[in-house]
Amino acid sequence: AVIGDTLHSYLTPATGEIVLPPMPFDVAALPKITIIACGTSFYAAMVAKYWFEQVARVSVEVDVASEFRYREAPMPEGGLGIFISQSGETADTLAALHYCREQKQHIVAIVNVPESSIARESDVVLQTLAGPEIGVASTKAFTCQLATLACMVISFARARGAIDEAEEDRLAFALAHVPAMAAQVLNHDEAIRDLAHAIFEKRDVLYLGRGTGYPLALEGALKLKEISYIHAEGYASGEMKHGPIALIDEEVPVIVIAPTDRWFDKTVSNMREVMARGGKVIFLSDVTGVDAVGEDAFAAIELPSVDPFVAPLLYAIPVQLLAYHVAVLKGTDVDQPRNLAKSVTV
Ligand code: F1P
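Reading guide: rules and limits
Residues numbered from 1 in each chain as written. Predicted model: local features only at pLDDT ≥ 70, side-chain atom pairs only at ≥ 80, totals over all residues. Helix = DSSP H or I, 4+ residues; strand = E, 2+ residues; numbered from the N terminus. Rg over C-alpha atoms; globule rule 2.2 N^0.38 Å. Buried ≥ 20, exposed ≤ 12 C-beta atoms within 10 Å, placed from the backbone. Contact = placed C-beta atoms within 7 Å. Pairing = 2+ DSSP bridges. Axes fitted to C-alpha atoms, helices over the stretch in contact; angles between N-to-C directions. Domains from an automatic or database assignment. Nonpolar A, V, L, I, M, F, W, Y, C, P; charged D, E, K, R; others polar. Near = placed C-beta within 6 Å. Core = buried A, V, L, I, M, F, W, Y, C linked by C-beta atoms within 7 Å. Parallel < 35°, antiparallel > 145°, perpendicular 65-115°, else oblique. Left-handed = near helix turned anticlockwise from the far one by under 90°.

When you go through the protein chain residue by residue, the secondary structure sums to 12 helices and 12 strands. Taking 20 Å as the expected radius of gyration for a compact globule of 346 residues, we find that the protein chain reaches 19 Å, a close match to that expectation. On the principal axes, the C-alpha backbone points of the protein chain span a range of 55 × 45 × 40 Å. Buried residues in the protein chain amount to 51% of all 346 residues. Nonlocal contacts in the protein chain, meaning residues at least 24 apart in sequence, comprise 75% of its contacts between residues at least 6 apart.

Strand order in this open sheet of five strands is E4-E3-E5-E6-E7, and the pairing throughout is parallel. Because the sheet does not close on itself, it has two edges, and the strands there are strand E4 (60-64) and strand E7 (124-127). Here the average twist between neighbouring strands, direction ignored, is 20°. Looking at chain direction, strand E3 (residues 33-37) and strand E5 (residues 80-85) are connected through five bridges and run parallel. Bridge pairing links isoleucine 35 to isoleucine 82 in E5. Contacting E3, E4 and E5, helix H2 (residues 39-55) runs over the sheet at an angle of about 160° to E3. Contacts from helix H4 (residues 91-102) reach E3, E5 and strand E6 (106-111) within the one sheet, and its direction differs from that of E5 by about 170°.

Taken domain by domain, the protein chain consists of domain 1 (2-176) and domain 2 (184-330). With centres defined by C-alpha atoms, the gap from domain 1 to domain 2 works out at 26 Å. Taken together, the 17 residues of domain 1 in the interface contact 17 residues of domain 2. Going through the elements one at a time, H2, helix H6 (140-159) and helix H7 (165-176) are the ones with two or more residues in the side of domain 1 that touches domain 2. At six residues, the largest contribution of residues to the side of domain 1 that touches domain 2 is made by H2. Each residue belonging to the side of domain 1 that touches domain 2 can be placed in one class, and the counts come to 13 nonpolar, four polar and no charged.

Turning next to unusual backbone geometry. Where the residue is not glycine, phi is negative for most of them; where a peptide bond is considered, it is trans in most cases. Positive phi values are uncommon outside glycine, yet arginine 57 reaches one of about 55°. Summarising the element assignment, arginine 57 is placed in the loop between H2 and E4. Looking at arginine 57, the number of C-beta atoms within 10 Å reads 13, which means it is partly exposed. You will see that tyrosine 229, though not glycine, has its phi angle at about 65°, which is positive. Within the element layout of this structure, tyrosine 229 appears in the loop between helix H10 (213-228) and strand E9 (231-236). Take tyrosine 229: there are 15 C-beta atoms within 10 Å of it, and that puts it in the partly exposed class.

Once that is clear, we can look at the site of the ligand. Neighbouring residues of the ligand: 16 residues in total, closest Gly39, Ser85, Gln86, Ser87 and Thr90. For the shell around the ligand, the element with the most residues is H2, which contributes three residues. Within the shell around the ligand, the residues separate by chemical class into five nonpolar, 10 polar and one charged.

Turning to the sheet that holds strand E10 (residues 253-257), a few remarks are in order. What the five strands build is an open sheet, ordered E9-E8-E10-E11-E12; its pairing is parallel. In this open sheet, the two edge strands, each paired with only one partner strand, are E9 and strand E12 (299-302). Across this sheet, the average inter-strand angle for adjacent strands is 15°, counted without regard to direction.

Counting residues in each nonpolar core, the largest one holds 119 residues, and the members touching the most others are Val153, Val256 and Leu314. The residue makeup of this core includes at least three contributed by each of domain 1 (2-176) and domain 2 (184-330). When sequence neighbours within four positions are dropped, the list of residues in contact with valine 256 reads Leu208, Thr267, Met271, Val281, Ile282, Phe283 and Leu284.

Right, let's talk about the packing of H6 against H7 for a bit. Packed helix pairs are characterised by how far apart their axes lie and by the angle those axes make with each other. Viewed as axis vectors pointing N to C, H6 and H7 meet at an angle of 170°, and their least axial separation amounts to 10 Å. Considering their axes alone, H6 and H7 lie roughly antiparallel with respect to each other. Side by side, H6 and H7 meet where Ala150, Ile154 and Arg158 of the first sit next to Glu168, Leu171, Ala172 and Leu175 of the second.

The subject of this paragraph is the packing of helix H9 (residues 189-197) against helix H12 (residues 311-330). Two numbers describe how H9 lies on H12: the axes approach to 8 Å, and their chain directions differ by 55°. Taken together, H9 and H12 sit at an angle that is classed as oblique. At the point where H9 passes H12, the crossing takes the right-handed sense. Contacts between H9 and H12 involve Asp189, Ile192, Arg193, Leu195, Ala196 and His197 on the former and, on the latter, Pro318, Leu321, Leu322, His325, Val326 and Leu329. Partitioned by chemical class, the residues of the contact of H9 with H12 number eight nonpolar, two polar and two charged.

The structure is reproduced here in structure tokens:
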């Protein structure tokens with residue numbers, strides 16, 4: 001429901017029209033976008049980098065705020081800094097915002113709380129209507145951040161002449177269908193709970209993805225670490241052969257995020273390399289069943305077939321649900337994981 005609420009604040013489902021608050025700069029003339037955030041919000045930034053570059057054809061840099069604030073990066077005057085934060089109070093993100101101000105960047109905030117410090121110091125605030133997170137770990141805020149960023153990307157792409165009206169409609173309608181598709185994904189809850197049984201006693205879990213699937217792999221691994229305390233790592237699937245493949249054996253579940261997007265074939269070939277070394281693959285894809293590559297996998301969750309542009313919003317759900325069910329089985333405190341703070345303000 002919160003994905004729908006957030007989407008509908010920028011997108012009219014019947015017409016596919018996207019309306020954002022006015023931007024006090026010329027979107028077509030932007031030399032560069034820099035997107036800064038921490039934790040899960042940073043993975044939303046990574047997804048947005050692929051979207052802005054491929055759909056809106058604008059150069060994008062992303063970094064975690066804790067690094068960016070000290071980097072002293074030179075920035076082209078009149079660029080745009082986008083700051084993503086569920087709480088709007090994360091100290092590193094706020095400090096990075098101050099740096100971007102000094103560098104004469106325009107500032108857009110994507111936050112849950114319009115009265116927050118990050119929102120107050122921004123030129124434009126795009127509010128995510130995720131509502132308060134019950135737990136410390138960010139979950140629904142992530143999908144709402146993605147929904148907001150996707151609307152922004154389509155709107156910027158049009159303003160920059162990177163897509164025509166037909167392409168704009170196609171992307172907007174794919175986005176408008178996300179809430180219904182998300183409901184379908186939630187129907188897999190039981191299958192995901194069963195999968196959790198195969199994971200909760202493991203020591204290490206790997207997540208692989210390419211393109212926009214890569215930040216999803218990172219998010220899956222972070223959620224598992226945060227709430228179940230199982231060691232998990234997310235990798236760009238092409239990086240496997242540069243080291244992590246040494247970790248693969250029958251005891252390591254490997255969760256492969258593989259929507260049928262432009263990276264699908266390569267992801268599958270990386271997955272085959274894992275299987276050839278005895279790795280137990282859990283395949284998250286819209287391609288499963290008899291004619292599918294996932295048939296040799298240890299397990300597969302079949303997700304609805306959607307436009308690859310919106311796949312990250314849907315694949316976030318099974319990776320977060322899996323972490324949840326693993327944590328419940330382990331008996332850890334899902335809402336209040338040890339050592340974690342709701343917002344990191346120092
Ligand atoms: C960033 C963040 C969350 C994480 C935890 C600590 O917060 O790293 O992603 O789940 O709650 O803070 P925010 O800037 O998005 O509020």
